[in-house]
Amino acid sequence: MTDEIIDLFLRLPQQEENPLPIHERVNPHFVVQSLKRWSPLGVVSAISAYNVPFYTAFWKVVPALMAGDTVVLRPNPLTPISSMIFAEAAEEAGLPPGVMNVVVEPGLAGGLAMTTDPRVDMVSFTGSCTGGAKVAEQAAPTLKRLVLELGGKSAQIYLPDAVGRAASAAFSVCTSHAGQGCVLGTRVSCRRRPRPKSSTPWQIAC
């Protein structure tokens, strides 16, 4: 799957036409040609999560390097080992010192520096909504660009003809990946045909 990420970003053009409505392109005063152009930002802080640690780090690190940015990767303290492969790969590939960096720490000092240091241009964070709000607050004074991939409670809704499958589905999604997947459908709702005079047709299965 990591090959697909690389292929995706290799196919993206460096610039392409931005399709504006005709009234925005031409008016009595001027004619506008609008282009979208992608260019390096500078230093990217990549703060990854503990679940699926290599894959979430890969999504942050490789596209940024391909765009010409330098990267500081800070893996979650619970799962730091797989992220060291990025440092090893950078060294083997002959990247100049400082282009690819990995910060492994047991606490929060590194993450705090990566979201507040004025030399950082962008922060990419995967984690909880509470953590994401804190990252945004810390990055705001220096107007860093942000990519926040935050936690959620994905919903599965079973209609009357599928209620019988809800229990087994709930078990599989709640135990998949030890219940740590960020897109697991952990809110399972069943819609049963309401009883007479009932105003609450929605019932929570788990």
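Residues numbered from 1 in each chain as written. Predicted model: local features only at pLDDT ≥ 70, side-chain atom pairs only at ≥ 80, totals over all residues. Heavy atoms only, no water.

Things to note about the overall build of the protein chain
For the protein chain, the count of helices and strands is 7 helices and 10 strands. Counting across all 206 residues of the protein chain, residues that qualify as buried make up 30%. The contacts in the protein chain between residues at least 6 apart in sequence include a share of 61% that link residues at least 24 apart. With an accessible surface of roughly 13,400 Å², the protein chain has 60% of that area assigned to carbon and sulfur atoms. (Helix = DSSP H or I, 4+ residues; strand = E, 2+ residues; numbered from the N terminus. Buried < 20%, exposed > 50% of the residue type's maximum accessible area, 1.4 Å probe, protein only. Contact = heavy atoms within 4.5 Å. Areas by Shrake-Rupley, 256 points an atom, 1.4 Å probe, with all protein chains shown as cover.)

Focus on the sheet that holds strand β7 (residues 145-150)
Taken in spatial order, the 5 strands line up as β5-β4-β3-β6-β7 in an open sheet, and their pairing is parallel. Whereas interior strands pair on both sides, the edge strands pair on one side only; in this sheet they are β5 (100-102) and β7. Recorded for the sheet is a direction-independent mean angle of 10 degrees between the axes of neighbouring strands. Relative to strand β4 (residues 70-74), strand β3 (residues 43-47) runs parallel, the two sharing 5 bridges. From the neighbouring strand, alanine 46 faces β4, where its bridge partner is leucine 73. Together, β3, β4, β5 and β6 (122-127) form the strand contacts of helix α3 (residues 53-66), whose direction differs from that of β4 by roughly 165 degrees. (Pairing = 2+ DSSP bridges. Axes fitted to C-alpha atoms, helices over the stretch in contact; angles between N-to-C directions.)

Considerations on the pattern of salt bridges
If you walk through the whole model with that rule in mind, you get 3 salt bridges. Put simply, arginine 74 and glutamate 105 hold a salt bridge, and the shortest N to O gap is 2.9 Å. Here arginine 74 is found in strand β4, whereas its partner glutamate 105 is found in the loop between β5 and α5 (109-116), with 31 residues between them in sequence. Where arginine 119 meets aspartate 117, a salt bridge forms, and the shortest distance between an N and an O atom there is 2.9 Å. Here arginine 119 falls in the exposed class, since its relative accessible area comes to 64%. (Salt bridge = Lys/Arg side-chain N within 4 Å of Asp/Glu carboxyl O.)

Focus on the side chain of glutamate 105
Judged by relative accessible area, which is 12%, glutamate 105 ranks as buried. For glutamate 105, the side chain forms a polar contact with the main-chain nitrogen of alanine 109, separated by 3.4 Å. A distance of 2.7 Å separates the side chain of glutamate 105 from the backbone nitrogen of glycine 110, its partner in a polar contact. Excluding its chain neighbours within four sequence positions, the residues that come into contact with glutamate 105 are Arg74, Pro77, Gly110 and Gly111. (Polar contact = N/O pair within 3.5 Å; in protein donor to acceptor, adjacent residues only side chain to side chain.)

Focus: the packing of aromatic side chains
How two aromatic rings sit relative to each other is set out by the distance from centre to centre and by the angle between their planes. Per the stated rule, a full pass over the model turns up 3 aromatic pairs. Judged by centre distance (5.3 Å) and plane angle (20 degrees), the ring pair of phenylalanine 54 and phenylalanine 86 falls under stacked. Taken as a pair, phenylalanine 54 in helix α3 and phenylalanine 86 in helix α4 (residues 84-93) lie far apart in primary sequence, 32 residues in all. Using a relative accessible area of 32% as the deciding quantity, one classes phenylalanine 54 as partly exposed. Ring pairing ties together the aromatic residues Phe54, Phe58 and Phe86, which thus form one cluster. (Phe/Tyr/Trp six-rings, centres within 6.5 Å; stacked < 30°, edge-to-face > 60°.)

Notes on a nonpolar patch on the surface
Residues Leu8, Leu12 and Trp59 make up a contiguous nonpolar surface patch of about 270 Å² in total accessible area. Turning to its location among the elements, leucine 8 is positioned in helix α1 (residues 2-11). A relative accessible area of 33% means that leucine 8 is categorised as partly exposed. (Patch = residues over 30% accessible without salt bridge, like charges linked within 9 Å, V, L, I, M, F, W, Y side chains within 5 Å.)

Observations regarding α3
Taking 1.5 Å per residue, 14 residues should reach 20 Å; α3 reaches 20 Å between its end C-alpha atoms and fits that length. What α3 keeps buried is the set Thr56, Ala57, Phe58, Lys60, Val61, Val62, Pro63 and Ala64. Summarising the contacts, the buried residues of α3 are in contact with α1, β3, β4, α4, β5 and β6. Following α3 by one or two positions, glycine 68 has its phi on the positive side, about 100 degrees. (Expected span 1.5 Å × (residues − 1).)

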